[in-house]
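Inside the fold
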Amino acid sequence: MGTALVYHEDMTATRLLWDDPECEIERPERLTAALDRLRKCGLEQRCLRLSAREASEEELGLVHSPEYVSLVRETQVLGKEELQALSGQFDAIYFHPSTFHCARLAVGAALQLVDAVLTGVVQNGFALVRPPGHHSQRAAANGFCVFNNVAIAAAHAKQKHGLQRILIVDWDVHHGQGIQYLFEDDPSVLYFSWHRYEHGRFWPFLRESDADAVGRGQGLGFTVNLPWNQVGMGNADYVAAFLHLLLPLAFEFDPELVLVSAGFDSAIGDPEGQMQATPECFAHLTQLLQVLAGGRVCAMLEGGYHLESLAESVCMTVQTLLGDPAPPLSGPMVPCQSALESIQSVRATQAPYWKSLQLQDVTPVPTSPSTHSPEGRPPPLLSGGPVCKTAASVLSSQLDQLCLHPAPPVCPAVALTAPDITLVLPPDVTQQEGAALNEETEAWARPHESLAQDEALTALGKLLYLLDGMLDGQVSSGMVATPPSAAAATLEVAIQRGLSHGAQRRILWLNIRGKEAAALSMFQVSTPLPVLTGGFLSCILGLVLPLAYGFQPDLVLVALGPAHGLQGPHAALLTSMLRGPAGGRVLALLEEDSTPQLAGILARVLHGEAPPSLGPYSVASPEDAQALMYLRGQLKPQWKMLQCRPHLEA
Ligand code: Q9C
Ligand code: ZN
């Protein structure tokens, strides 16, 4: 199942016919620049191209009044003076004789995309459209938007496809107040928008763009506004907003479809947004959304006025929809204080409506955890104790030393409590899978008794071959199965090999194998991995991913031991999400008695396929929540991506 790209050249027709400095940035080149770049990068060719159709008036009527549709229809025959006069009746709007046609194509493109995804023609897609839609209201054009493309697509998904839960993620830098108004009392549409707000001093200057607008009636809690009160928000701020706010709610909501109001005026260089997030960030945001709704993600273009930044960001989004790994993020992964203030304020405002926000950070971090440590006292920080006795005992002294380094190359973070190898390789190297048993493998194996048997040696050879391929950039991700008796030694060799490969490497090692000795240091974290969906997700979103995004590893090693205790969908979700911070370089190490189904599901997510939905949300147990809160509290000073509130109370 592929990715659709919906477009029609006619949408370049509408343009500003008079002088208006506010409106001149919304120009035809926005579409041609994006499309040219998609072609140059070979991305357009990889998509299923769909030509946009015009939406019918009945479809427009799903959200707009008949009078308003007539008003726009009649602009087709107006002269320039009349168009300008009519445009003046709205805020930041220009009409052109082609506006009605273009705006109907934009809506039609959104509808075709939703239909293609919901009928299983494609997995996901992007609608390259103008005019944009998210400011448009039932009876008003606004902010360059004529018809509300995304809102009509959501109404259509409900009406024609019977969907009951649709998530709209509006990452445009402006508040999509049009979408908010249209769904504010509707609990079947969860609307999330972040936007430049500056305490109300930025367009559209609305009180209802602030964090305390949460919807009304049945829709209470289904409007989520994240106002940015400063410009300059960057990659760390956007990723933190997703991990600590949007994703907990989104998993709890469990959408059947994700619609993205994909405006790129929130990217670096944009004159409207004045933000700092790089185009790669949109690859990460896309990837983070693809774990929802079984990967059914439909992105529709909204704003984005810096042509280079827009084009590159569109490419990043489409490339990620196609399943490619997201490029690493640049810059320090440290959210700014203003971003944390905003995130914390929305979390507090929304907490009454969402279980996933409760029990987390609503009380001060306890000084003594009740359940975490077997001895009933907190494990000592920087104890340097082994993460896992079997696998890590030999490494622990080495790790202790590494902990002293300012940029330690190993982060064996988060020791959370197949028959032959399945390789995820580009087609041209798949054939060589058995070729790696050589002298070097034997040399690595020699110190380990458990690696003496042929079977273990063969697995090690394959692992080393894969590891080299990943670190050289020829292989994106991989999976290896080892005999259980050789697992610990194989893991150790993998880490040492990874560290000794070329320049300094950072490896994030997740060792998931059941009960562990409690251990906690800046670079060793051990915690039970909760099995309830809520506890599992808070552990992944609140601990594992922030650590991983903060650490920015060159490689993630996920070792699933015999007692890993994870259900297939949980393991798939974790593996899939770990591709993000590692540029896709995830190596899964399975012990051979793992089920073939698990190997299959992991192979698919490592390939870029969406993990299956986890299904209905079940809340974390108080013990799991407490243990997590304690760990986060201990690690927050060093790992800034764990923070989701400013540190004034510290
Ligand atoms: N300098 C979209 O991005 N002008 N619309 C704001 C502040 C209106 C933006 C002026 C911006 C409309 C879809
Ligand atoms: Zn915008």
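Since the structure is predicted, the reported quantities are computational estimates derived from the model, not experimental observations. (Residues numbered from 1 in each chain as written. Chains lettered and ligands numbered in written order. Predicted model: local features only at pLDDT ≥ 70, side-chain atom pairs only at ≥ 80, totals over all residues. Heavy atoms only, no water.)

1. Comments concerning the overall build of the chain
Counting its regular elements, the chain contains 21 helices and 16 strands. For the chain, with 650 residues in total, the buried portion stands at 64%. For the chain, the exposed area adds up to about 22300 Å²; of that, 52% sits on carbon and sulfur atoms. (Helix = DSSP H or I, 4+ residues; strand = E, 2+ residues; numbered from the N terminus. Buried < 20%, exposed > 50% of the residue type's maximum accessible area, 1.4 Å probe, protein only. Areas by Shrake-Rupley, 256 points an atom, 1.4 Å probe, with all protein chains shown as cover.)

2. Describing the environment of asparagine 124
Within the fold, asparagine 124 resides in strand 3 (residues 122–127). Residues in contact with asparagine 124, not counting those within four places in the same chain, are Gly2, Thr3, Ala4, Leu113, Val117, Gln290, Gly295, Val297 and Leu321. Among the polar contacts listed, one links the side chain of asparagine 124 to the backbone oxygen of leucine 321, at a separation of 2.8 Å. (Contact = heavy atoms within 4.5 Å. Polar contact = N/O pair within 3.5 Å; in protein donor to acceptor, adjacent residues only side chain to side chain.)

3. Focus: the site of ligand 1
Among the 15 residues in the neighbourhood of ligand 1, the closest are listed as Glu22, Gly143, His174, Asp265 and Tyr305. Glycine 143 places a main-chain nitrogen or oxygen 3.0 Å from a nitrogen atom of ligand 1. Measuring from a nitrogen atom of ligand 1, one finds a side-chain N or O atom of glutamate 272 at 3.3 Å. Protein chains shield 85% of the accessible area of ligand 1, which is 410 Å² for the free molecule. Here the residues of the shell around ligand 1 sort into six nonpolar, five polar and four charged. (Near = heavy atom within 4 Å. Nonpolar A, V, L, I, M, F, W, Y, C, P; charged D, E, K, R; others polar.)

4. Quick word on the packing of aromatic side chains
Applying the stated criterion across every chain, the model contains 17 aromatic pairs. Taken together, the ring pairs connect Phe192, Trp194, Trp228, Tyr238 and Phe242 into an aromatic cluster. (Phe/Tyr/Trp six-rings, centres within 6.5 Å; stacked < 30°, edge-to-face > 60°.)

5. Observations regarding the confidence of the model for the chain
Here the chain shows a mean pLDDT of 86. Residues at 70 or above account for 85%. Scored below 50 in pLDDT, residues 362–434 makes 179 contacts in the model with residues more than four places away or belonging to other chains. (pLDDT = per-residue confidence, 0-100.)

6. Regarding the packing of helix 8 (residues 235–253) against helix 11 (residues 337–350)
Helix 11 packs onto helix 8 with a crossing angle of 20 degrees between their chain directions and a minimal axis gap of 10 Å. When the axes of helix 8 and helix 11 are compared, the pair comes out roughly parallel. Handedness of the crossing formed by helix 8 with helix 11: right-handed. Only Ala339, Ile343, Val346 and Arg347 of helix 11 make contact with helix 8, whose side of the interface consists of Asp237, Ala240, Ala241, His244 and Leu245. Its residues placed into classes, the contact of helix 8 with helix 11 shows six nonpolar, one polar and two charged. (Axes fitted to C-alpha atoms, helices over the stretch in contact; angles between N-to-C directions. Parallel < 35°, antiparallel > 145°, perpendicular 65-115°, else oblique. Left-handed = near helix turned anticlockwise from the far one by under 90°.)

7. Some points on the side chain of arginine 30
One can find arginine 30 in helix 1 (residues 29–40). At a separation of 3.3 Å, a polar atom in the side chain of arginine 30 contacts the main-chain carbonyl oxygen of glycine 303. Setting aside anything within four residues of it in sequence, one finds arginine 30 in contact with Ile25, Arg130, Leu301, Glu302, Gly303, Gly304, Tyr305, Leu307 and Leu310.

8. What to know about the coordination of the zinc ion (ligand 2)
Those protein atoms acting as donors to the zinc ion (ligand 2) are Asp172 (OD), Asp172 (OD), His174 (ND1) and Asp265 (OD), and they sit at 1.9 to 2.6 Å. Between the donor residues of the zinc ion (ligand 2), the gaps in sequence give the motif D-x1-H-x90-D. Here aspartate 172 falls in the buried class, since its relative accessible area comes to 1%. Using a relative accessible area of 4% as the deciding quantity, one classes histidine 174 as buried. (Donors = N, O, S within 2.8 Å, 3.2 Å for Na, K, Ca; no water.)

9. Things to note about the pattern of salt bridges
Taken as a whole and assessed by the stated rule, the structure comprises 20 salt bridges. Salt-bridge contacts for arginine 30 lead to glutamate 26; the nearest nitrogen and oxygen are separated by 2.7 Å. Here arginine 30 matches glutamate 26 in class, with each residue buried. Across the pair arginine 104 and glutamate 54 runs a salt bridge, and its minimum N-O distance is 3.5 Å. With arginine 104 in helix 5 (residues 99–118) and glutamate 54 in the loop between strand 2 (48–51) and helix 2 (57–60), this residue pair connects regions lying 50 residues apart in the sequence. Here arginine 104 falls in the buried class, since its relative accessible area comes to 16%. Judged by relative accessible area, which is 31%, glutamate 54 ranks as partly exposed. (Salt bridge = Lys/Arg side-chain N within 4 Å of Asp/Glu carboxyl O.)

10. Considerations on the sheet that holds strand 3
Spatial strand order, 2-1-3-8-7-4-5-6: eight strands in an open sheet with parallel pairing. Looking at which strands have only one partner, the edges of the open sheet turn out to be strand 2 and strand 6 (223–228). For this sheet, the mean inter-axis angle between neighbouring strands, taken without regard to orientation, is 15 degrees. Sheet analysis places strand 4 (residues 166–170) next to strand 5 (residues 189–196), joined by five bridges and oriented parallel. By the bridge assignment for strand 5, valine 169 is matched with phenylalanine 192. Its contacts with the sheet place helix 6 (residues 149–161) against strand 4, strand 5, strand 7 (257–262) and strand 8 (297–301), and it is angled at close to 170 degrees to strand 7. (Pairing = 2+ DSSP bridges.)

11. Some remarks on helix 8
Its 19 residues give helix 8 an end-to-end C-alpha distance of 25 Å, which sits within 8% of 27 Å, the value for a rise of 1.5 Å per residue. Taken as a whole, helix 8 carries its principal kink of about 45 degrees at leucine 246; the proline proline 248 stands between one and four residues after it. Along helix 8, 19 of the 19 residues are buried, which leaves the element largely enclosed by surrounding structure. Residue aspartate 254 follows helix 8 closely and has a positive phi angle near 55 degrees. (Expected span 1.5 Å × (residues − 1). Bend = angle between axes of the 7 residues up to and from the residue.)

12. Side note on the environment of aspartate 472
Looking at the secondary structure, you find aspartate 472 in helix 16 (residues 454–472). Along the primary structure aspartate 472 and histidine 501 are separated by 29 residues, whereas in three dimensions their C-alpha atoms are 9.0 Å apart.

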